[in-house]
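Each chain, letter by letter, is given below.
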Amino acid sequence: MKATRLGRAAAILSVASLALVACGNGDDSANGGDAAAAEENGGGNGGSAEGNGDSSVSGELIGGGASSQEAAMTAWTQSVSDVHPDLSVSYDPVGSGSGREGFINGQYSFAGSDAAMDADEQSQAEAVCGPDGVFHTPSYISPVAVAYNLPDAEENINMDAETIAAVFAGEITNWSDDAIAEHNEGVELPDQEITVVHRADDSGTTENFTDYLTEAAGEAAWEFGTFETWPDEITSESAQQTSGVVSLTSETEGAITYADASQVGELGTVAVQVGEEYVPYSAEAAAAAVENSEPNEEAEGAVSLARDTTESGSYPIVLVSYHIFCNTYQDQQTADQVQAFGEYLLSEEGQQVAADSAGNAPVSDGIRESAMERLDAISVQQ
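Residues numbered from 1 in each chain as written. Predicted model: local features only at pLDDT ≥ 70, side-chain atom pairs only at ≥ 80, totals over all residues. Heavy atoms only, no water.

1. Here's the deal with the layout of surface pockets
Reported here for the largest pocket is a volume of approximately 420 Å³. Along the wall of the largest pocket there are 21 residues; nearest its centre are Ala116, Glu207, Asn296, Val303 and Ser304. Among the secondary structure elements, those contributing two or more residues to the lining of the largest pocket are helix 4 (119-129), helix 7 (204-217), strand 12 (303-304) and strand 13 (318-326). Per element, the largest residue contribution to the lining of the largest pocket is four residues, and it comes from helix 7. When its residues are assigned to classes, the lining of the largest pocket shows nine nonpolar, five polar and seven charged. The volume enclosed by the second largest pocket comes to roughly 230 Å³. (1 Å grid on protein atoms, 1.4 Å probe; cavity = no way out; pocket = protein on both sides within 12 Å on 5 of 7 lines; lining within 4 Å. Points joined across faces, edges and corners; volume = space filled by probe spheres on them. Helix = DSSP H or I, 4+ residues; strand = E, 2+ residues; numbered from the N terminus. Nonpolar A, V, L, I, M, F, W, Y, C, P; charged D, E, K, R; others polar.)

2. Description of the state of the cysteines
Joining two cysteines, a disulfide is a covalent bond between their sulfur atoms. Overall, the coordinates contain one disulfide when judged by the stated rule. In this model cysteine 129 forms its disulfide with cysteine 326; the gap between the sulfur atoms is 2.0 Å. Sign of the S-S torsion, about -60° for the bond between cysteine 129 and cysteine 326, identifies this disulfide as left-handed. Of this pair, cysteine 129 sits in helix 4 while cysteine 326 sits in strand 13; the two residues are 197 residues apart in sequence, bridging distant segments of the chain. (Disulfide = S-S within 2.5 Å.)

3. Comments concerning the environment of valine 83
Relative to the helices and strands, valine 83 is located in the loop between helix 2 (70-79) and strand 2 (87-92). Separated by 257 residues in the primary sequence, valine 83 and alanine 340 have C-alpha atoms spaced 9.1 Å apart.

4. Considerations on the packing of aromatic side chains
Evaluated as defined, the whole model comprises 14 aromatic pairs. Note on phenylalanine 135 and phenylalanine 325: the rings are 5.7 Å apart at their centroids and 45° apart in plane angle, and the pair reads as tilted. Highlighted residues: phenylalanine 135 in strand 4 (residues 134-148) and phenylalanine 325 in strand 13, separated in sequence by 190 residues. The two residues phenylalanine 135 and phenylalanine 325 agree in class, both being buried. Three or more aromatic residues link up through ring pairs in this structure, and these residues are Phe168, Phe209, Trp222, Phe224, Phe227, Trp230 and Tyr258. (Phe/Tyr/Trp six-rings, centres within 6.5 Å; stacked < 30°, edge-to-face > 60°. Buried < 20%, exposed > 50% of the residue type's maximum accessible area, 1.4 Å probe, protein only.)

5. Focus on the nonpolar core
With 106 residues, the main nonpolar core has Phe103, Ile164, Phe168, Ile256 and Phe341 as its most contacted residues. Apart from residues lying up to four places away in sequence, phenylalanine 168 is in contact with Val146, Val196, Val197, Phe209, Trp222, Trp230, Ile234, Ile256, Thr257 and Tyr258. (Core = buried A, V, L, I, M, F, W, Y, C linked by side-chain atoms within 4.5 Å. Contact = heavy atoms within 4.5 Å.)

6. With respect to a negative patch on the surface
Side chains of Glu171, Glu219, Glu223, Asp232 and Glu233 sit close together on the surface and give a patch of like negative charge. Mapping aspartate 232 onto the fold places it in the loop between helix 7 and strand 7 (237-239). On the basis of relative accessibility, which here comes to 76%, the residue aspartate 232 falls in the exposed class. (Patch = residues over 30% accessible without salt bridge, like charges linked within 9 Å, V, L, I, M, F, W, Y side chains within 5 Å. Areas by Shrake-Rupley, 256 points an atom, 1.4 Å probe, with all protein chains shown as cover. Salt bridge = Lys/Arg side-chain N within 4 Å of Asp/Glu carboxyl O. Lys, Arg positive; Asp, Glu negative; His and termini not counted. Charge placed at Lys NZ, Arg CZ, Asp CG, Glu CD.)

7. Details of the packing of helix 5 (residues 161-168) against helix 7
Orientation of helix 5 relative to helix 7, taken along the N-to-C sense of each, is 130°, at an axis distance of 9 Å. Between helix 5 and helix 7, the crossing angle belongs to the class labelled oblique. Crossing handedness for the pair helix 5 and helix 7: left-handed. Of the residues in helix 7, those in contact with Ala161, Glu162, Ile164, Ala165 and Phe168 of helix 5 are Phe209, Tyr212, Leu213, Ala216 and Ala217. Taken together, the residues of the contact of helix 5 with helix 7 break down into nine nonpolar, no polar and one charged. (Axes fitted to C-alpha atoms, helices over the stretch in contact; angles between N-to-C directions. Parallel < 35°, antiparallel > 145°, perpendicular 65-115°, else oblique. Left-handed = near helix turned anticlockwise from the far one by under 90°.)

8. Some words on helix 3 (residues 96-104)
Judged by how many residues are buried, helix 3 sits mostly within the fold: seven of nine residues are covered. Among the residues of helix 3, Ser96, Gly97, Gly99, Arg100, Gly102, Phe103 and Ile104 are the ones counted as buried. Downstream of helix 3 by a residue or two, glycine 106 has a phi angle that is positive, lying close to 85°.

9. Overview of the pairing of strand 1 (residues 59-65)
Consecutive side chains along a regular strand alternate between the two faces of the sheet. The buried fraction of strand 1 is high, at five of seven residues. Traced from strand 1 through helix 2 to strand 2, the parallel crossover comes out right-handed. Relative to strand 3 (residues 110-113), strand 1 runs parallel, the two sharing three bridges. Paired with glycine 64 across the two strands is alanine 111, which belongs to strand 3. (Right-handed = clockwise from strand over helix to strand, strands pointing away. Pairing = 2+ DSSP bridges.)

10. Quick look at the pattern of salt bridges
Taken as a whole, this structure holds six salt bridges when the rule is applied. In this structure, arginine 199 engages aspartate 201 in a salt bridge whose closest nitrogen and oxygen atoms are separated by 2.8 Å. One exposure class covers both arginine 199 and aspartate 201, and it is buried.

11. Digging into unusual backbone geometry
If you check the backbone angles, glutamine 241 has positive phi at about 60° while not being a glycine. Here glutamine 241 is to be found in helix 8 (residues 241-251).

Shown next, in the form of structure tokens:
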């Protein structure tokens, strides 16, 4: 089978001790509105991502969350020191749900998540963020690949949303099933049992994938709805985090899974029917799907993806992985660290660094502008 990959960072994230209380309670908090104090701590905007290095932002910033963006985050945490030499950033790829939980509990100063916070989570976050709550910055756009282990099969097997739903619901159990064959005329499909592999942990990737099935396949084909935790009534194999499902699928001939496309390695991938064409995943096709989406009115800074698009060249199984920040932090140093890192990873330079490592689609100018405005408005709790 021909290799299909977006690229993966060679380095592994080095996760620092999480004993540090993320949002802090430094003595600077009383001076949050003092312009002189803000300037002393980096001007309150983290410095320019295009500069020659801003040493006024310093210390250790700790975040955690989505494993989908692990390759990109490895690149970001390593390269931010080129701009802010005294800033150290650690990221724990524990999964979206655990990342949001850690952020709410004050374990992390920011969370990575493949899904926006719901209303209840946003309310809980006020305990550490204050009454102004949180905002989301779409920082990592990537296709979710439907990936399979069939060594002698085509690089891309075609499926529509209904067929994908039937496979993951356990209704189609063999690769030679007529429902798959009708989308792959002239392709010899193996008489091979299908093993479905899903995420065992709370996963934003799972939520994005099942949201696609819900919207694109419809209730008749996918009755389970959108969820972050795979339900027990769907019998299948499972593994922890993105690396786990990819590893298990790679070890199991006939297996199929869903995972951030940057990490699927040499597994084959499904080309998804959109309108009258079958679209393989790509960064460009994922970006096209996001461009056709609307703002999420229930979560500041998030977007509502158009899963059932028929737009030519769009790949609808896409995740937008967010970074979730407080609008106000408890001390100036943390506010400056967050601004500096957030602005760097959203800058053209930061997005290119991630794309080179993970193959994700850079955010649009419109998304960048809105996110930068929110980052610039971060302040210190009074």
